[in-house]
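# Chain and residue survey
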Number of protein chains: 2
Amino acid sequence: MNEDWLPLGFRWSGHHCGLKSNSDKPDYSLIVSDNDAVAAGVYTQNLVCAAPVILCRDRTPGSRTRAIVINSGNANACTGSQGINDAQKMAADVALELGLEAEQVLVMSTGIIGQFLPMEKLSVAAVEGVKKLRCSSAAFYEAANGILTTDKDRKTACTTVETSQGTVRIAAMAKGAGMIGPNMATMLAAVTTDANLSQGDVHGILKKAVDKSFNCISVEGHTSTNDTVLLLANGQANSHPLTGNDLAGVSDMIEQTLIKLAKQIPADGEGATHLIEILVKGAASIEDAKQIAETIGGSNLVKTCVAGNDPNWGRIASAAGYAGIDFDISGFKLRLNQTLLFDGGEPCSFDAALVSKSMAECDSVLIEVELNEGDQQARIWTSDLTTAYVMFNSDYHT
Amino acid sequence: MNEDWLPLGFRWSGHHCGLKSNSDKPDYSLIVSDNDAVAAGVYTQNLVCAAPVILCRDRTPGSRTRAIVINSGNANACTGSQGINDAQKMAADVALELGLEAEQVLVMSTGIIGQFLPMEKLSVAAVEGVKKLRCSSAAFYEAANGILTTDKDRKTACTTVETSQGTVRIAAMAKGAGMIGPNMATMLAAVTTDANLSQGDVHGILKKAVDKSFNCISVEGHTSTNDTVLLLANGQANSHPLTGNDLAGVSDMIEQTLIKLAKQIPADGEGATHLIEILVKGAASIEDAKQIAETIGGSNLVKTCVAGNDPNWGRIASAAGYAGIDFDISGFKLRLNQTLLFDGGEPCSFDAALVSKSMAECDSVLIEVELNEGDQQARIWTSDLTTAYVMFNSDYHT
């Protein structure tokens, strides 16, 4: 198999260590760089943040990072000081096996909130996980499987980009946020690249890419205790740190990769039948546009009408109206799958059956709002709301 | 029947005029004062507001108000200038029958968004509605029925309060907000009292009462195009305008009446199986407390776990954490139906089966959050999220 797309100098593993009840499902993943990598992290804004988030905040940005250890099945959140000790131990166990310092290892956890980690299992897992490390697509995908919780599908996005110093490779994996169920509501992502990025650049590149990708998706707006995106760049593809057009090109490609990855999350929301893309144009500022898009995307009434293939534009217009952003209704246009439904405060005549059919026939729906307030725009992605979501999230007992 | 509780000098009617397809359901209601009443209104903050809201904003506060006309089945929202003309005509038709000026009549509408009112039916309805006006509990309840859309139950709250100038009566009706379905998401309420209130007092009294009642409930946070609360006080119970303790007593009782009425709305949310009461104490400000309460109440993950009788406190703690309010997690306590689940960043051991049983056995659930930031508190009410809600809101075609 051609595996040229794997970033140079990285190895991965994923295996089952006993955190998930189903022994077919891996629940412990490792991502290791063979040399020191620069690392950046973007984290949940939730005040109630999990122990691994506290640990990673402390260790990023970093210039000597070598590994990320990730477990699923237990979020190590709301676990107080013991949780912090446990996260540190997870990193230390991996460091010991790899001959590293504990501070060179980052940690992510996802799963049930409020339960302590079974540390004996995790210490055994560190030994096993390091033994299984491989530089292969099979190992990469096994690691990507190991971070999932109730996701239906594995989420990865990989790409390459040419620079004046040769090809750069980017390989990223994620697990779903919200809607993913009873155990937790966490979005995790790990991005690896062999680009040579300076420590000064790496955080800004990741932050910008996350703003345009993971910060533009929502399922039910529940910012989790564990949300984390980590980027490791080990520089093996380039002899010198990238600058100028090379740097811009890699930065842009990381952003595109994360957008590709992020869109897989609402598309795989529990029970979701449509990915909803919401584009707000003609706003006075990007913030205004995003606020309106997020308010529409956060409306259960909008989400349910999309699930029912119902072009109920009144709910969308009404959601735009309570977003808290001032606009002139006479300059307001609303389109659903490119059909104009509402224009300047007046309803348009349209073929509802035809629009409904266009919604039913496609697994994504486009809602476009056009204002006459400026030339700024924002785009977000969310999922529809179905009975399957509710069943999934209520049929569980703590 | 003892009908002493009906405010003096008011008459009501409700009948079917053809806006709803089911001819058993009234869809046109009138509330008429026999003399000039002072009137106040509190309205939706939605920029996309309906024609009757625009009309009422213009006519309140008022000192010569005589009637409220309310139709269900059509919201007259997103209907542009024709909608404004139609709302004016609704008022004018009623005024003509009653020998009033059009400006003495207020209008509320609820129902589908974006369709024009069938004005011929409404003109006929004005004649019929005025003929049916009665000062009786039957007429009051018929009017309360006529404003409903998909509410399961009629919503009324009535009370009396003693003053040094005799007994004052308050009778209020409402229809549900949000979650009430496919046609719209509107909360309407009309409050009538025979208290003698000065025009200077009436708006402040209503605003304060609404802040403590209707502004503390949510179903899915969808502020509608039509939300309206109107208060008419015709003064028939007292010879002089109330002041001092009398005024405070009536003001307080209006607030209590509206709280009683408001709580019926989430309790009757489509498919709701629990009313959720959320109390946040120990906050630095009322605004902080309310923001945290609303964030918890707005979380689909919290709403679904309550529907499933699941004491999944991690979701509640996590929602509190992303409310955007700074607090010290070490002073954070969380109780569900009075059982302490999470204390100072550490999980508490508790009998999950027992707490789950307490949720299953009662149609309301109490979530209490205690902070250590100050002595302010806020309380809100919302409903849980069930598959029935989703079915109801997606099984509809525009």
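In every chain, residue numbers begin from 1 and rise along the written sequence. Note on labels: chains are lettered from A, ligands numbered from 1, in written order. For this predicted model, a pLDDT threshold of at least 70 governs which residues receive local features, and a threshold of 80 or more governs which side-chain atom pairs are given and counted, while totals over whole chains, interfaces and linings are taken from all residues.

## Quick look at the overall build of chain A
Basically, it comes down to this: Numbering goes from the N terminus for both helices and strands, where a helix is a DSSP run of H or I of at least four residues and a strand is a run of E of at least two. Computation of the radius of gyration draws on C-alpha atoms, with the globule rule given as 2.2 Å multiplied by the number of residues to the power 0.38. Residue burial here comes from a neighbour count, namely the number of other C-beta atoms, placed from the backbone, that lie within 10 Å of the residue's own C-beta, with 20 or more meaning buried, 12 or fewer meaning exposed, and in between meaning partly exposed. A pair of residues counts as a contact when their C-beta atoms, built from backbone coordinates, are within 7 Å of each other.
Secondary structure summary: chain A contains 11 helices and 15 strands in total. What you see for chain A is a C-alpha radius of gyration of 22 Å, in line with the 21 Å of a compact globule of 398 residues. When its C-alpha atoms are laid out on the principal axes, chain A stretches across 70 × 55 × 40 Å. Looking at chain A as a whole, 61% of its 398 residues qualify as buried. Partitioning the contacts of chain A with sequence separation of at least 6, the portion at a separation of at least 24 is 81%.

## Remarks on the relation of the copies chain B and chain A
So the rule is basically this: The superposition of copies rests on a least-squares fit of C-alpha positions from residues with pLDDT of 70 or more in both.
For the pair chain B and chain A, the superposition axis carries a translation of 0.0 Å, the fit reaches an RMSD of 0.1 Å, and the rotation angle comes to 180 degrees. The symmetry that links the two subunits is that of a two-fold axis. Minimal C-alpha distance to the rotation axis in chain B is attained by T387 of chain B, lying at 2.4 Å. Most of the interface of chain B is mirrored in chain A, where 100% of its interface residues again form contacts.

## Thoughts on the domain arrangement of chain A
The condition that has to hold: In this document the domain limits rely on a domain assignment from an automatic tool or a database.
With domains assigned, chain A is organised as domain 1 (10-267) and domain 2 (275-394). Using C-alpha coordinates to define each centre, domain 1 of chain A is positioned 33 Å away from domain 2 of chain A.

## Here's the deal with the interface of chain B and chain A
The figure often quoted for interface size is the accessible area lost as the parts come together. Which entries qualify depends on this criterion: Under the grouping applied here, Gly and all other residues not named as nonpolar or charged are polar, the nonpolar ones being Ala, Val, Leu, Ile, Met, Phe, Trp, Tyr, Cys and Pro and the charged ones Asp, Glu, Lys and Arg.
With 52 residues of chain B at the contact, the number on the chain A side is 52 residues. Contributions of two or more residues to the side of chain B that touches chain A are made by α8 (300-307), α9 (313-321), β13 (346-347), α10 (352-360) and α11 (387-394) of chain B. Looking at the side of chain B that touches chain A, the element that brings in the most residues is α9 of chain B, giving seven residues. Among the residues forming the side of chain B that touches chain A, the class breakdown is 24 nonpolar, 24 polar and four charged.

## Structural notes on the packing of helix α8 (residues 300-307) of chain A against α11 of chain B
Any two packed helices are characterised by the angle at which their axes cross and by the distance between the axes. The line we're drawing: For helices, the fitted line uses only the C-alpha atoms of the stretch in contact; every axis is such a line through C-alpha atoms, and the angle between N-to-C directions lies from 0 to 180 degrees. Any angle from 65 to 115 degrees is called roughly perpendicular, while one under 35 is roughly parallel, one over 145 is roughly antiparallel, and all others are oblique. By definition, any crossing whose near helix is turned counterclockwise from its far helix by less than a right angle is left-handed, and any crossing with a clockwise turn is right-handed.
For the pair α8 of chain A and α11 of chain B, the least separation of the axes is 8 Å and the interaxial angle reads 65 degrees. Classified by the angle between their axes, α8 of chain A and α11 of chain B sit roughly perpendicular to one another. Seen along the crossing, α8 of chain A lies across α11 of chain B with a hand that is right-handed. Side by side, α8 of chain A and α11 of chain B meet where L301, T304, C305 and A307 of chain A of the first sit next to V390, N393 and S394 of chain B of the second. Class assignment of the residues belonging to the contact of α8 of chain A with α11 of chain B gives a composition of four nonpolar, three polar and no charged.

## Structural notes on the sheet that holds strand β10 (residues 275-283) of chain B
All names here are of chain B. The condition is simple: Only strands joined by at least two bridges in the DSSP assignment are considered to pair.
What the seven strands build is an open sheet, ordered β8-β15-β10-β14-β11-β12-β13; its pairing is mixed. Looking at the sheet topology across the chains shown, the edges are occupied by β8 (217-218) and β13. Across seven bridges, the pairing between β10 and strand β14 (residues 364-370) is parallel. Note on β14: the bridge partner recorded for L275 is S364. On top of the sheet, helix α6 (residues 244-267) reaches β8, β10 and β15 (376-383); it is set at about 45 degrees to β15, its chief contact.

## Some details on the nonpolar core
How we decide: Note on definitions: a nonpolar core is a set of buried residues drawn from Ala, Val, Leu, Ile, Met, Phe, Trp, Tyr and Cys, linked by C-beta atoms within 7 Å.
A172 and A189 of chain A together with A172 and A189 of chain B are the most contacted members of the largest nonpolar core, which has 261 residues in total. Among residues more than four places away in sequence, those in contact with A189 of chain B are A172, M173, A174, F214, V229 and L261 of chain B.

## As for helix α4 (residues 137-146) of chain A
Residues and elements named next belong to chain A. The buried count for α4 comes to seven of 10 residues, which makes it a mostly enclosed element. Taken residue by residue, α4 has A139, F140, E142, A143, A144, N145 and G146 as its buried positions. Of the surrounding elements, those touching the buried residues of α4 are β1 (10-15), β2 (28-43), β3 (62-74), β5 (155-163) and β6 (166-175).

## Regarding the sheet that holds strand β12 (residues 339-343) of chain A
Residue and element names in this part refer to chain A. Pairing is mixed in the open sheet, where seven strands are placed in the order β8-β15-β10-β14-β11-β12-β13. The open sheet has two free edges, formed respectively by β8 (217-218) and β13 (346-347), since each of these has just one partner strand. For strand β11 (residues 333-336) and strand β14 (residues 364-370), the ladder comprises four bridges, and the chain directions are antiparallel. Residue pairing in the sheet places R335 in a bridge with E368 of β14. Relative to the sheet, helix α9 (residues 313-321) contacts β11, β12 and β14, its axis offset from that of β11 by approximately 135 degrees.

## With respect to the environment of G324 of chain A
All names here are of chain A. On the secondary structure map, G324 appears in the loop between α9 and β11. With 13 C-beta atoms counted inside 10 Å, the residue G324 sits in the partly exposed group. For G324 and D288, which are 36 residues apart along the polypeptide, the C-alpha to C-alpha distance reads 8.9 Å.

## Structural notes on the pairing of strand β11 (residues 333-336) of chain B
Relative to strand β12 (residues 339-343) of chain B, β11 of chain B is paired through four bridges, and the arrangement is antiparallel. Of the residues in β12 of chain B, the one forming a bridge with R335 of chain B is L340 of chain B.

## Some points on the confidence of the model for chain A
In regions of low pLDDT, the predicted coordinates are not meant to be interpreted in detail. Residue and element names in this part refer to chain A. Let me state the cut-off plainly: Predictor confidence is given residue by residue as pLDDT, running from a minimum of 0 to a maximum of 100.
With 95% of its residues at a pLDDT of at least 70, chain A reaches an overall mean of 92. pLDDT under 50 marks residues 179-184. Its contacts with residues more than four places away, or in other chains, come to 31 contacts. Overall fold confidence for the complex sits at a pTM of 0.80, while the interface term, ipTM, reaches 0.75.

## Regarding unusual backbone geometry
All names here are of chain A. With omega at -10 degrees, the peptide bond leading from T60 into P61 counts as cis. Tracing the chain through its elements places P61 in the loop between α1 (51-59) and β3. One non-glycine residue, C78, lies in positive phi territory at about 60 degrees. Positionally, C78 belongs in the loop between β3 and α2 (80-98). Its identity is not glycine, yet N309 carries a phi of approximately 55 degrees, on the positive side. Mapped onto the secondary structure, N309 falls in the loop between α8 and α9. Among the residues examined, N309 registers 20 C-beta atoms within 10 Å and is labelled buried.

## Focus on the pairing of β2 of chain A
Residue and element names in this part refer to chain A. Summarising burial for β2: 12 of the 16 residues are buried, a large majority. Summarising the sheet, β1 and β2 pair through six bridges and their orientation is antiparallel. By the bridge assignment, H15 is partnered in β2 with Y28. Taken together, the seven bridges between β2 and β3 define a ladder with antiparallel strand orientation. Its bridge partner lying in β3, V32 is registered against A67. Here β2 runs beside strand β9 (residues 228-233); their pairing, made up of six bridges, is antiparallel. Across the sheet, V38 pairs through a bridge with A233, a residue of β9.

## Some thoughts on the environment of G111 of chain A
Within the secondary structure, G111 of chain A is located in strand β4 (residues 105-112). For G111 of chain A, a count of 21 C-beta atoms within 10 Å gives the class buried.

## Notes on helix α3 (residues 119-131) of chain B
Residue and element names in this part refer to chain B. Just so we agree on the cut-off: Working rule for helices: expected span equals 1.5 Å times residues minus one.
Taking 1.5 Å as the rise per residue, α3 with 13 residues should run 18 Å; its terminal C-alpha atoms sit 19 Å apart, in good agreement. Residues L122, A125, A126, G129 and V130 constitute the buried set of α3. Lining the buried residues of α3 we find β1 (10-15), β2 (28-43), β3 (62-74) and α2 (80-98).

## Re the environment of M253 of chain B
Residue and element names in this part refer to chain B. Tracing the backbone shows M253 in helix α6. Assessed through the 21 C-beta atoms surrounding it within 10 Å, M253 is described here as buried. Between the C-alpha atoms of M253 and I54, which are 199 residues apart in sequence, the distance is 29 Å. Sequence-distant contacts of M253, defined by excluding residues within four places in its chain, comprise T159, V161 and I170.

## Thoughts on the packing of α8 of chain A against α9 of chain A
All names here are of chain A. Two elements in contact, α8 and α9, have axes separated by 9 Å at closest approach and are oriented at 155 degrees. As judged from the angle between their axes, α8 and α9 are roughly antiparallel. As for the relative orientation of α8 and α9, their crossing is left-handed in sense. Contacts between α8 and α9 involve L301, V302 and C305 on the former and, on the latter, R315, I316 and A319.

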